[in-house]
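Survey of secondary and tertiary structure
Take a look at the letters that make up each chain.
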Amino acid sequence: MTFISPKRLAGVGLAAALTIGLAGCGAASDAGSTDAGSGDVQTIKVGALAIPAGELLQWVDENLAADAGLDIEYIEFTDYNTPNTALVDGDVDANLFQNTTFLANFNTATGSDLVSVGEVYLPVAAFYSDKITDIADLEKGAKIAIPDDPTNEGRALEMLAAEGLIETTENPSTLNDVTSNPNDFEFVEIENASLAAALPDVDAAFVTISFALPAGLKLEDAILVEGESSKFFNVLATTPELENDERVQKLYNLLLSDEAQAYMEETFGDQMIPVTK
């Protein structure tokens with residue numbers, strides 16, 4: 001079974017995506033304007049990684065948006081570092097790639113005030129390995145690759161702590177929050193997009209759905225899977241000025257519609273859990 005939609009905009013880098021987006025529709029501040037001959041259709045620019053949010057946004061645009069008088073212009077990003085900056089700069093009107101913890105960390109680090117419109121789905125994360133089939137089989141001194149951003153690094157550490165493999169502070173975010181490492185695991189901090197590629201060089205690696213699916217990793221292959229009780233649901237984020245914008249509210253309602261939530265389950269299975277499930 002393949003999860004990757006043939007409709008996704010594959011291989012488009014951030015610079016190219018922004019260039020095309022800006023050339024086609026002008027600055028994001030003008031995105032709500034109505035094109036000649038388009039009636040009452042309103043355009044909204046939304047940034048996201050290609051999988052799964054990008055595919056979801058394109059599906060909603062092709063199947064639901066027109067009836068709501070909305071045109072969703074999807075801008076693809078390839079990492080977790082730039083979508084919020086683009087939102088602050090006005091290159092997009094909203095983005096869909098992060099949880100509230102990530103958003104709060106960004107605001108604190110940059111002095112920004114981006115806001116969450118609401119939760120949409122849980123992109124289930126997991127630990128994978130080319131060498132073992134169960135997390136309990138990790139040997140003393142095993143090398144474990146984890147994300148290098150505070151939110152997902154803490155998320156990975158929490159999963160290991162829940163298995164009793166390490167101990168951490170209540171809300172870990174970095175390796176400094178590991179209070180006990182009885183197995184002397186060697187943690188390697190790697191940028192999210194490179195974690196799947198690091199699998200041959202480590203004993204286990206934490207990979208989120210955005211990078212697991214393109215790498216062909218499925219939950220049935222994982223050695224430890226995040227539970228549905230996770231607090232890391234992804235949210236639709238925007239600026240305070242656009243939080244109550246009609247376009248943003250329309251988009252959020254479409255994302256929470258029965259049709260969109262069913263699409264997530266049918267397309268991504270247990271790797272993407274709709275918030276309404």
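The structure reproduced in this document is the subject of the present report. As the structure is a computational prediction, the values presented were derived from the model and not from experiment.

Procedures and definitions
Residues numbered from 1 in each chain as written. Predicted model: local features only at pLDDT ≥ 70, side-chain atom pairs only at ≥ 80, totals over all residues. Heavy atoms only, no water. Helix = DSSP H or I, 4+ residues; strand = E, 2+ residues; numbered from the N terminus. Buried < 20%, exposed > 50% of the residue type's maximum accessible area, 1.4 Å probe, protein only. Contact = heavy atoms within 4.5 Å. Phe/Tyr/Trp six-rings, centres within 6.5 Å; stacked < 30°, edge-to-face > 60°. Pairing = 2+ DSSP bridges. Axes fitted to C-alpha atoms, helices over the stretch in contact; angles between N-to-C directions. Parallel < 35°, antiparallel > 145°, perpendicular 65-115°, else oblique. Left-handed = near helix turned anticlockwise from the far one by under 90°. Nonpolar A, V, L, I, M, F, W, Y, C, P; charged D, E, K, R; others polar.

Our next topic: the overall build of the protein. Broken down by element type, the protein carries eight helices and 13 strands. Looking at the 277 residues of the protein, the share that counts as buried comes to 53%. Considering only residue pairs separated by 6 or more positions, the protein has 75% of its internal contacts joining residues 24 or more positions apart.

Counted under the stated rule, the structure contains eight aromatic pairs. With a centroid separation of 6.1 Å and an interplanar angle of 40°, the aromatic rings of Tyr-80 and Phe-97 are classed as tilted. Residue Tyr-80 is found in the loop between strand 2 (70-77) and helix 3 (83-89), and its partner Phe-97 is found in strand 3 (residues 94-99); the two are separated by 17 residues along the sequence. Accessibility expressed as a relative area gives 9% for Tyr-80, which makes it buried. Measuring from ring centre to ring centre gives 6.3 Å for Tyr-263 and Phe-268, while their planes differ by 90°; the resulting arrangement is edge-to-face. Side by side, Tyr-263 and Phe-268 carry an identical accessibility label, which is buried. Taken together, the ring pairs connect Tyr-80, Phe-97, Phe-102 and Phe-211 into an aromatic cluster.

This paragraph deals with the sheet that holds strand 9 (residues 186-190). In sheet architecture, strand pairing relies on hydrogen bonds along the backbone and comes in two forms, parallel and antiparallel. Strand order across the open sheet formed by five strands is 9-6-10-5-11, with mixed pairing between neighbours. Each having just a single partner strand, strand 9 and strand 11 (224-225) make up the two edges of the open sheet. Where strand 5 (residues 126-128) meets strand 11, two bridges bridge the pair, whose relative direction is antiparallel. Among the inter-strand pairings, Phe-127 is bridged to a residue of strand 11, identified as Leu-224.

The mixed open sheet is built from six strands, whose spatial order is 2-1-3-12-4-13. With one partner strand each, in any of the chains shown, strand 2 and strand 13 (272-274) form the two edges of the open sheet. Shown here is a sheet whose adjacent strand axes are inclined to one another by a mean of 35°, direction ignored. In this structure, strand 1 (residues 42-49) lies alongside strand 2, joined through eight bridges in parallel fashion.

Closest axis-to-axis distance for the helix 2 (residues 50-65)/helix 8 (residues 258-268) pair is 11 Å, and the angle between their directions is 135°. Accordingly, the angle class assigned to the pair helix 2 and helix 8 is oblique. Once helix 2 is placed against helix 8, the crossing between them reads as right-handed. Seen from helix 2, the contacting residues are Ile-51, Pro-52, Glu-55, Leu-56, Trp-59, Val-60 and Leu-64; seen from helix 8, they are Glu-259, Ala-260, Tyr-263, Met-264 and Phe-268. Broken down by class, the residue content of the contact of helix 2 with helix 8 amounts to 10 nonpolar, no polar and two charged.

Glancing now at unusual backbone geometry. Residue Pro-52 follows Ile-51 across a cis peptide bond; omega there is -5°. Along the polypeptide, Pro-52 turns up in helix 2.

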